[in-house]
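Structural features, examined
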Amino acid sequence: QALEDHYSPSRWSPRLDRDTIIDAHLAVTAAGTERARASAQTLLHVPYGDGDGEKLDIYFPTDPSETFPALVYIHGGYWQCLSKDDSGFAAPPLVSRGVAVVAVGYDIAPKGRCCPAEAAAACVALRPPTLPFVLCPGHMDTMVLQVRRSLVFLAGRYPRIRGIYLCGHSAGAHLAAMVLSTDWTEFQVVPEIKGAVLVSGLYDLEPILHTYVNDALSMSREVAQRNSPMRHVTPAAACEVLVAVAQHDSPEFRRQSQEYSQALRAAGWSVSLLDLAAVDHFDIIERLSEDSYVLTQVGRRAVPRQ
């Protein structure tokens, strides 16, 4: 029970009780995304693959230069809820400064549980031939690969983008961290990833194997280890990393953020740990729609206009 509590972000907010904070979070991100879509030039539901969830929403800069950077946002939801359709709320402060914002969709769990062994051949197309395992929609391996492929697509399809900056929240921070460990030799295009902002993420999946979180994910220990960024820290790349955590995140989320930032630093990465006061697991990311919010300002400085 203690482990479940530590991996239940809704239990730790002083603002709202656990029964209302998630609904409030969904309402805030949905309303912010609706405002962003109404005010920005957008290209919605752009397919980067054949899967149901393999689509992007692109918010273009208000006054684009010949080339421009892109912030790629990867949503949270414990890999089993939310979508790109709730993920454009952070666009207005960035598109007004010449930065494109891209919200990534991916196939969330529990779709993978419904993919029978007999249908494995239909899933093979989702993976490069070098992977030794079959991928099905909603499986953790698939979600990681889908996010990687979305960046390959973005870099190949939109040559005006110069510099990709990742931003992920919670489960999205985990997926963004897995991108940092990618061996791009398996892909035809190498995205120019210049920075990453990882917000209230999980970087070691083994502790959640024995919690309610894994009910939908159905991860084995092997899958959890294969998809834990803490276990796959690569030699440093030319990429600035900001690991952000909320004062009112749970002790386990705070521990994982600190230990992952230390592991990156030990491997030679340029990494900063930002401990944000007076926010919880949810409003730490919701407030990215505010110009005056400290994380908005830090992110805007980290994503320079070309």
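What counts and how
Residues numbered from 1 in each chain as written. Predicted model: local features only at pLDDT ≥ 70, side-chain atom pairs only at ≥ 80, totals over all residues. Heavy atoms only, no water. Helix = DSSP H or I, 4+ residues; strand = E, 2+ residues; numbered from the N terminus. Buried < 20%, exposed > 50% of the residue type's maximum accessible area, 1.4 Å probe, protein only. Expected span 1.5 Å × (residues − 1). Contact = heavy atoms within 4.5 Å. Pairing = 2+ DSSP bridges. Axes fitted to C-alpha atoms, helices over the stretch in contact; angles between N-to-C directions.

For the protein, an unreviewed UniProt entry supplies the name KFA formamidase and the organism Prunella fulvescens.

Checked against the element boundaries, Glu290 lands in the loop between helix 10 (283-286) and helix 11 (294-302). Residue classification places Glu290 among the partly exposed residues on the basis of a relative accessible area of 31%.

Attention now moves to helix 6 (residues 171-180). The periodicity of an α-helix, 3.6 residues per turn, causes residues three or four positions apart to be oriented the same way. In terms of burial, helix 6 is largely enclosed, as 10 of its 10 residues are buried. Buried within helix 6 we find Ala171, Gly172, Ala173, His174, Leu175, Ala176, Ala177, Met178, Val179 and Leu180.

An ideal rise of 1.5 Å per residue puts 27 Å on 19 residues; helix 2 (residues 21-39) measures up with 27 Å between its terminal C-alpha atoms. Along its buried surface, helix 2 packs onto strand 2 (55-60), helix 3 (92-95), strand 5 (161-169), strand 8 (270-280) and helix 10.

Now for the sheet that holds strand 3 (residues 68-74). Taken together, the 8 strands give an open sheet; going across it, the order is 1-2-4-3-5-6-7-8, and neighbouring strands pair in mixed fashion. The strands lining the two open edges of the sheet, one partner per strand, are strand 1 (41-47) and strand 8. Going from strand to strand, the sheet's axes swing by 20 degrees on average, the running direction of each strand aside. As paired elements, strand 5 and strand 6 (residues 193-199) share 6 bridges and run parallel to each other. Residue pairing for strand 6: Gly168 is matched across the bridge by Leu198. Along the sheet, helix 6 makes contact with strand 3, strand 5, strand 6 and strand 7 (240-248), crossing strand 5 at roughly 135 degrees.

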